[in-house]
Amino acid sequence: MEKVKAKKHLGQHFLKDESIAKAIADTLSLQGYDEVLEIGPGMGVLTKYLLDKPINTHVIEIDTESVVYLGENYPKLKDKIISQDFLKYNINEVYENKQFAIIGNFPYNISTQIVFRTLEFKHQIPEFSGMFQKEVAERICEKKGSKAYGILSVLAQAFYDTEYLFTVDENVFIPPPKVKSGVMKMTRKEDYSLPCGEKLFFTVVKTAFQQRRKTLRNSLKTLNLTDNLRLDTIFDKRPEQLSVDEFIELTQKIEADGVQS
């Protein structure tokens, strides 16, 4: 079969640089899991390096043309190609509550959704690495005090240690995207349970950053906090001034104030 044509509506940009594909594959530690799921393999430039590793590789691909290409060119993938949308697919049809890593050259139009979906399955995903639009990769790894620091940063870093690894130029893709790319990695924390209600924590973080220029006293008004709690000096701050630990502390205070998740 001829090579697959990149489809704009799927956000496809096929990596053509073999050394970068190998470098992405090598970001996996292979510690604590025996399975890896590659999202959006396209024509398999990254897949071939995963198949060389002592790990059981599945790929999930929504593009039917890519699915046919992979099946014809990578016999090792027999019965390991999942022709589904990762954002909607129940991964336990394959993994049955096993631990597995996620890797990929992620479609940029859904890359943040892939991270949020990963957080839903964090109890099964000890490691996550791959390529994003550069600013998204940086945002995931950003620390407090930056304009790039936001919902994605706090929620990812509450459960994972994040690391920006390297930048990738536009000209190593077909077609080249209009932005630079960045490879980052998330390693699940040894203790990734929160000392507060997880659902309330998500609500507090998302609500705070929806009006990021306002102080928390104003942005969290919809949570109906008591006047006494609102006097706490933490509410003088804007969301980007709070570290992940401070957001956890804030959630604990809101919980103690009687707000339920």
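Residues numbered from 1 in each chain as written. Predicted model: local features only at pLDDT ≥ 70, side-chain atom pairs only at ≥ 80, totals over all residues. Heavy atoms only, no water.

### Observations regarding the pattern of salt bridges
Here is the rule we go by: Put simply, a salt bridge is a Lys or Arg side-chain nitrogen that is within 4 Å of an Asp or Glu carboxyl oxygen. Secondary structure elements are taken from DSSP: a helix is a run of H or I of four residues or more, a strand is a run of E of two residues or more, and numbering for both begins at the N terminus. Burial status follows relative accessibility: with a 1.4 Å probe on protein chains alone, a residue under 20% of its type maximum counts as buried, one over 50% as exposed, and anything between as partly exposed.
In the structure shown here, the tally under the stated rule is 17 salt bridges. The closest approach of N and O atoms between Glu 240 and Arg 212, which form a salt bridge, is 3.0 Å. Here the residue Glu 240 occupies a position in the loop between helix 10 (227-230) and helix 11 (244-256), and Arg 212 occupies one in the loop between helix 8 (198-210) and helix 9 (216-219), the gap between them amounting to 28 residues. Judged by its relative accessible area of 14%, Glu 240 falls in the buried class. Take Arg 212: its relative accessible area is 24%, and that puts it in the partly exposed class. Each of Lys 22, Asp 26 and Lys 53 takes part in salt bridges that share partners, so that together they form one network.

### Looking at the environment of Ile 102
Quick reminder of the rule: Contacts: residue pairs with any heavy atoms within 4.5 Å of one another.
Relative to the elements of secondary structure, Ile 102 occurs in strand 5 (residues 101-105). Put simply, Ile 102 and His 58 are 44 residues apart on the chain and 9.8 Å apart in space, counted from C-alpha to C-alpha. Ile 102 has contacts with Leu 37, Ile 39, Phe 86, Thr 118, Ile 125, Glu 127, Phe 128 and Ser 129, leaving out every residue within four places of it along the chain.

### Comments concerning the domain arrangement of the protein
Many authors give the size of an interface as the accessible area that is lost as the parts come together. Just so we agree on the cut-off: Here the bounds of each domain stem from an automatic or database domain assignment. Throughout, buried area stands for the accessible area (probe radius 1.4 Å) lost by two parts on being put together, summed over both. Identification of polar contacts relies on pairs of N or O atoms within 3.5 Å, with a donor-acceptor requirement for protein atoms, meaning one able to donate a hydrogen and the other able to accept it, and with residues adjacent in sequence counted only if both atoms are side-chain atoms. When residues are sorted by character, Ala, Val, Leu, Ile, Met, Phe, Trp, Tyr, Cys and Pro go into the nonpolar class, Asp, Glu, Lys and Arg into the charged class, and all the rest, Gly among them, into the polar class.
Splitting the protein by domain gives domain 1 (8-188) and domain 2 (198-259). Taken together, the 13 residues of domain 1 in the interface contact 15 residues of domain 2. When domain 1 packs against domain 2, close to 1,200 Å² is buried across both sides, 71% of that on carbon and sulfur atoms. As a salt-bridge pair, Lys 144 and Glu 246 come within 3.5 Å of each other at their nearest N and O atoms. In this structure, the connection of domain 1 to domain 2 is made through six residue pairs in polar contact (both at pLDDT 80 or more). Here the residues of the side of domain 1 that touches domain 2 sort into six nonpolar, four polar and three charged.

### Considering helix 6 (residues 134-141)
Put simply, the rule reads: Starting at the helix axis, one direction is taken to each C-beta atom, and the arc is that of these directions.
Restricting attention to buried positions, one finds in helix 6 the residues Val 136, Ala 137, Ile 140 and Cys 141. Seen from one end, helix 6 has its buried residues packed into an arc of 135°, which puts them on one side. Where helix 6 is buried, its residues touch helix 5 (111-120), strand 6 (127-133), helix 7 (151-159), strand 7 (160-168) and strand 9 (181-188).

### Some details on the nonpolar core
The cut-off we apply is this: Only buried Ala, Val, Leu, Ile, Met, Phe, Trp, Tyr and Cys residues count toward a nonpolar core, and they belong to the same one when joined by side-chain atoms within 4.5 Å.
Ranked by internal contacts, the top residues of the largest apolar core, which has 55 residues, are Phe 201, Leu 220, Phe 247, Leu 250 and Ile 254. Considering each element in turn, this core owes the most residues, seven residues, to helix 8. Built from parts of two domains, this core gets at least three residues from each of domain 1 (8-188) and domain 2 (198-259). Formed by 21 residues, the second largest nonpolar core is a distinct cluster that contains Ile 24, Ala 25, Ala 101 and Met 131.

### Focus: the environment of Glu 38
Tracing the chain through its elements places Glu 38 in strand 2 (residues 35-39). Classification of Glu 38 by relative accessible area gives buried; the value is 1%. Spatially, the C-alpha atom of Glu 38 lies 35 Å from that of Gln 241, the residues being 203 residues apart in sequence. For Glu 38, the residues in contact, after removing those within four places along its chain, are Leu 46, Thr 47, Leu 50, His 58, Val 59, Ile 60, Ile 103 and Gly 104. A distance of 2.6 Å separates a polar atom in the side chain of Glu 38 from a polar atom in the side chain of Thr 47.

### Digging into the UniProt feature "domain: Ribosomal RNA adenine methylase transferase N-terminal" (unreviewed entry) in the protein
To keep it simple, the criterion reads: UniProt positions are given in the numbering used here, feature names are shortened, and annotations may be inferred rather than shown by experiment.
In the UniProt entry, the feature "domain: Ribosomal RNA adenine methylase transferase N-terminal" (unreviewed entry) is given for residues 20-190. For residues 20-190, the helix share is 30%, the strand share is 25%, and the end-to-end C-alpha distance is 29 Å.

### A short note on the packing of aromatic side chains
Short version of the rule: Here a pair means two rings of Phe, Tyr or Trp (six-membered ring of Trp) with centres within 6.5 Å. Their orientation is stacked below 30 degrees between planes, edge-to-face above 60, and tilted elsewhere.
Throughout the structure, instances matching the rule amount to eight aromatic pairs. Ring geometry for Tyr 149 and Phe 209: centres 6.0 Å apart, planes at 75°, overall edge-to-face. Here Tyr 149 is found in the loop between helix 6 and helix 7, whereas its partner Phe 209 is found in helix 8, with 60 residues between them in sequence. Taking the centre distance of 6.3 Å and the plane angle of 75° together, the rings of Phe 201 and Phe 202 count as edge-to-face. Phe 202 carries the same exposure label as Phe 201, and that label is buried. Here a set of aromatic residues connected by ring pairs shows up, and it is made of Phe 106, Phe 128 and Phe 132.

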